[in-house]
Amino acid sequence: VSTEVTVLDSVFLIDAPRVLEGELGLLGFTPGRTGGPQHLLQVRQKELLLDGRRVEGMPPGTPALDAVLMVLNATALAETDCYAVHAGVVAKNGRAAAFPALSGAGKSTLTAACVRLGLDYVSDEALLVRDDRSIRPYRKPLCLSRWTLERLGLPLPPAELSERPVAPSELSAASELGSLQLTHVLRLERSPVNQLMPLSRGDAGRMLLERSFNHFHDPARAFRLATGLAAGASVATLAYDDPLRAAALLADLLSSAPAPARDQPGDGVALPARAVRRTDAS
Amino acid sequence: MSGVLVHTDRMPICWVRVPDALSQDLDAETLVLAPGAAEALHLNDTASLVWALLATPRSLEALRQAIASTYDVDLVRAAQDVEELLLQLESAGVVRRVQE
């Protein structure tokens with residue numbers, strides 16, 4: 001075993017080439033034991049072994065470092081006690097804004113843009129909610145595309161790579177965060193116009209359930225947490241085409257007291273079409 | 001399907017929430033979780049009105065009257081919509097039939 005890292009509550013003993021060990025160290029992972037689950041991650045020339053079992057499903061050609069980061073992330077999220085929602089999260093003065101979304105929706109890019117504008121980095125991957133509804137930071141390295149790196153003025157990866165992992169410190173993210181409360185839930189929407197638009201509180205609650213990684217562990221607990229957060233937060237749709245402009249909107253939102261406008265109830269009877277919708281959280 | 005929910009041979013049927021169903025009013029909308037279910041239901045404003053009324057047993061007639069008066073729609077349309085909703089809620093395990 002060449003190195004040891006802690007991700008959330010999970011500890012990973014990593015057996016890897018020395019160059020990879022160095023790269024992991026530069027990404028800001030912390031050594032140390034948490035009392036949580038321990039794993040042995042072995043990096044071989046053409047495969048990864050987690051606790052002696054080959055890791056399946058890795059896209060062909062995935063660089064070893066990226067593959068290791070994916071395994072660390074997936075395992076740690078699967079083992080966290082927090083309610084976990086797939087989302088980017090940034091904060092200002094203890095007020096956090098989350099934007100739940102699927103992979104590829106631009107969470108990491110928007111998160112990085114927000115941090116470059118001075119917001120606190122909470123996570124580009126998961127909103128982690130404790131039972132008292134406080135937010136636990138998950139400050140993993142951000143995997144940013146060449147386009148995003150260029151847009152944010154960050155060093156580019158080698159020519160053969162389309163993206164590279166970026167340590168939070170490289171974005172000038174603050175090293176410590178105090179207590180965090182979720183004050184804003186935002187739905188991301190691509191649009192030619194950068195603006196905040198209404199979102200119903202019901203849609204916000206549904207989004208916090210649909211995008212959960214682990215609601216199935218305890219659906220009733222997940223329901224209480226997700227709907228409680230939606231009931232207590234300001235909700236809006238963030239329409240944007242430029243991450244830096246969107247980040248500026250978010251910075252204004254977190255710095256100002258007024259909540260964004262919300263939908264008004266619709267008219268008429270529309271029960272069959274929209275009365276009941278099932279979540280598809282995965 | 002219309003008419004199947006109205007009454008049995010002896011007594012009219014009412015509808016009421018299942019006791020352990022969780023629900024959260026989110027402005028005009030409601031999220032509901034059936035006991036033991038993994039997926040929540042998202043009720044729009046009109047369905048949320050029905051859900052609110054189902055805190056105590058209600059007949060189809062009472063529900064359609066409430067919908068018709070609140071949303072200014074005719075009773076036939078309201079009855080159809082309420083019946084369909086009740087069947088969906090029953091199928092999801094969040095309401096049950098009781099005798100009046």
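In the block above lies the structure referred to throughout.
An account of the accompanying structure is given in this report. Think of each chain on its own: its residues are numbered from 1, step by step along the sequence as written. Chain labels run from A onward and ligand labels from 1 onward, assigned in the order the entries are written. Confidence filtering applies because this is a predicted model: local features only for residues at pLDDT of at least 70, side-chain atom pairs given and counted only at 80 or more, and all residues used for totals across whole chains, interfaces and linings. Values shown for side chains rest on all heavy atoms present in the structure; no hydrogens or waters enter the calculation.

## Quick look at the sheet that holds strand E4 (residues 41-43) of chain B
Strand pairing is assigned whenever DSSP identifies at least 2 bridges connecting the two strands. Secondary structure follows DSSP: runs of H or I at least 4 residues long count as helices, runs of E at least 2 residues long count as strands, and numbering of each begins at the N terminus. Read across the open sheet, the 3 strands follow the order E2-E3-E4 (chain B); overall the sheet is antiparallel. Whereas interior strands pair on both sides, the edge strands pair on one side only; in this sheet they are strand E2 (22-26) and E4 of chain B. Taken over all neighbouring pairs, the strand axes of this sheet differ in orientation by 20 degrees on average, direction set aside. Two strands pair when backbone bridges link them, and E2 of chain B and strand E3 (residues 29-33) of chain B are joined in this way by 5 bridges, in the antiparallel orientation. Residue pairing in the sheet places Leu22 of chain B in a bridge with Leu33 of chain B of E3 of chain B. Here, two residues are considered to be in contact whenever any of their heavy atoms come within 4.5 Å of each other. To get an axis, fit a line to the C-alpha atoms, keeping to the stretch in contact for a helix; angles then go from 0 to 180 degrees between the N-to-C directions. The strands that helix H5 (residues 201-210) of chain A touches are E2, E3 and E4 of chain B; relative to E3 of chain B, the one it contacts most, it runs at about 30 degrees.

## Considering the packing of helix H2 (residues 60-71) of chain B against helix H3 (residues 75-92) of chain B
All names here are of chain B. The contact between H2 and H3 brings their axes to 9 Å, and the two run at 120 degrees. When the axis of H2 is compared with that of H3, the two are oblique. As for how H2 packs across H3, the hand of that crossing is right-handed. Touching Leu60, Leu63, Arg64, Gln65, Ile67 and Ala68 of H2 are Leu75, Ala78, Ala79, Val82, Glu83 and Leu86, all from H3. Residues are grouped as follows: nonpolar covers Ala, Val, Leu, Ile, Met, Phe, Trp, Tyr, Cys and Pro; charged covers Asp, Glu, Lys and Arg; every other residue, Gly included, is treated as polar. Residue composition of the contact of H2 with H3, by class: 9 nonpolar, 1 polar and 2 charged. These descriptions rest on fixed angle ranges, namely under 35 degrees for roughly parallel, over 145 for roughly antiparallel, 65 to 115 for roughly perpendicular, and the rest for oblique. Handedness of a helix crossing follows the sense of rotation of the near helix relative to the far helix, less than a right angle counterclockwise being left-handed and clockwise being right-handed.

## Here's the deal with the sheet that holds strand E3 (residues 38-43) of chain A
Residues and elements named next belong to chain A. Spatially, the 5 strands line up as an open sheet ordered E1-E2-E3-E4-E5, and their pairing is mixed. A strand with exactly one partner marks an edge of an open sheet, and here the two such strands are strand E1 (3-7) and strand E5 (53-54). Bridging between E3 and strand E4 (residues 48-50) involves 3 bridges; their strand directions are antiparallel. Counterpart to Val43 in the pairing with E4 is Leu48.

## Thoughts on the packing of helix H1 (residues 18-26) of chain A against helix H2 (residues 64-79) of chain A
Residues and elements named next belong to chain A. Two numbers describe how H1 lies on H2: the axes approach to 10 Å, and their chain directions differ by 55 degrees. Classified by the interaxial angle, the pair formed by H1 and H2 is oblique. Two packed elements cross with a definite hand, and for H1 against H2 that hand is right-handed. Contacts between H1 and H2 involve Leu20, Glu23 and Leu24 from the former and Ala64, Leu65, Val68, Leu69 and Leu72 from the latter. Tallied by class, the residues present in the contact of H1 with H2 amount to 7 nonpolar, no polar and 1 charged.

## Considering the environment of Leu50 of chain A
Here Leu50 of chain A is to be found in strand E4. Discounting residues that sit within four places of it in the chain, Leu50 of chain A has contacts with His39, Leu40, Leu41, Val55, Val71 and Thr75 of chain A.

## Brief notes about H3 of chain B
All names here are of chain B. For H3, spanning 18 residues, the distance from its first C-alpha to its last is 25 Å, which sits close to the expected 26 Å at 1.5 Å a residue. We call a residue buried when its accessible area falls under 20% of the maximum for its residue type, exposed when it is over 50%, and partly exposed in between, using a 1.4 Å probe and counting protein chains only. Taken residue by residue, H3 has Ala78, Ala79, Asp81, Val82, Glu83, Leu85, Leu86, Leu89 and Ala92 as its buried positions. Its side-chain oxygen placed 3.0 Å from the backbone nitrogen of Val76, Asp74 serves as the N-cap of H3. Gly93 occupies a position one or two residues after H3 and carries a positive phi of about 85 degrees. Expected span, for any helix, means 1.5 Å times one less than how many residues it has. Residues adjacent in sequence count toward polar contacts only when both atoms are side-chain atoms; beyond that, a polar contact is any pair of N or O atoms within 3.5 Å, and within protein one must be able to donate a hydrogen and the other to accept it.

## Describing unusual backbone geometry
For residues besides glycine, phi is generally negative; the peptide bonds are generally trans as well. In this model, Asn93 of chain A sits at a positive phi of 50 degrees, which is unusual for a non-glycine residue. Tracing the sequence through the fold places Asn93 of chain A in the loop between strand E6 (83-92) and strand E7 (95-100). Of the residues examined, Asn93 of chain A reaches a relative accessible area of 67% and is grouped as exposed. Phi is positive for Asp72 of chain B, which is not a glycine, with a value near 55 degrees. With respect to the element layout, Asp72 of chain B can be found in the loop between H2 and H3.

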